[in-house]
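Read off the chains here:
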Amino acid sequence: AEVVFRAPGTVPVASPTPVTTPATTSATRTSQLPTPPEPGRNGHLTWPGNENGWTVVLTSYPKTTGRAAALSTASSAAKGLTGVGILDSSGFSSLQPGYLVVFAGVYASQSDAEAAVPTARQAGFRGAYTRQIAR
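Fair warning: this is a prediction, and the values are worked out from it, not measured in the lab. (Residues numbered from 1 in each chain as written. Predicted model: local features only at pLDDT ≥ 70, side-chain atom pairs only at ≥ 80, totals over all residues. Heavy atoms only, no water.)

## Describing the overall build of the chain
Working step 1: When you go through the chain residue by residue, the secondary structure sums to 2 helices and 6 strands.
Working step 2: Listing every helix and strand of the chain by position from the N terminus yields β-β-β-α-β-β-α-β.
Working step 3: The buried share of the chain, taken over its 135 residues, is 39%.
Working step 4: For the chain, long-range pairs separated by at least 24 residues make up 65% of all intrachain contacts whose partners lie at least 6 apart in sequence. (Helix = DSSP H or I, 4+ residues; strand = E, 2+ residues; numbered from the N terminus. Buried < 20%, exposed > 50% of the residue type's maximum accessible area, 1.4 Å probe, protein only. Contact = heavy atoms within 4.5 Å.)

## A look at the environment of Val56
Working step 1: The topology assignment puts Val56 in strand S3 (residues 53–62).
Working step 2: Sequence separation of Val56 and Ala128 is 72 residues, and the distance between their C-alpha atoms is 6.4 Å.
Working step 3: In contact with Val56, other than residues within four places in its own chain, are Val102, Phe103, Ala104, Gly105, Tyr107, Ala113, Ala116, Val117, Ala120, Ala128, Tyr129 and Thr130.

## Side note on helix H2 (residues 110–122)
The α-helix advances 3.6 residues per turn, and as a result positions three or four apart in sequence lie on the same side.
Working step 1: Here H2 spans 19 Å end to end across 13 residues, near enough to the 18 Å set by a 1.5 Å rise per residue.
Working step 2: The largest bend in H2 amounts to roughly 25° and is located at Ala116, with the proline Pro118 lying one to four residues further along.
Working step 3: Regarding H2, the residues found buried are Ala113, Ala116, Val117 and Ala120.
Working step 4: For H2, the secondary structure elements touched by its buried residues are S3, strand S5 (99–107) and strand S6 (129–133). (Expected span 1.5 Å × (residues − 1). Bend = angle between axes of the 7 residues up to and from the residue.)

Structure below.
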């Protein structure tokens, strides 16, 4: 039960939408990753509970001093990018602890996240890169 960002007026995560990927057998596997919300959600998306996936990291700030900057960056990014939010890196084994990470998108694969990097860079986040998010 790791909640990354909670503030008054936090926008809830959109309902999960199944993402079907082909398996090596005739059966298919369904991964429950939500569809990112539309722009304008003020950057308050939280990472889906108990889900691993990939995202585009826009920037990060030290957790001890960067809350205001992270909120401002996320709000600005949400005006042009979808699925923008903030997560606390300390709750994820795949990230270095102690940072507030401003991210864009929740993706089922690295290639899907990589495809979104150029859009993030065009939106002014020149250092945007993909990162696996795992608990």
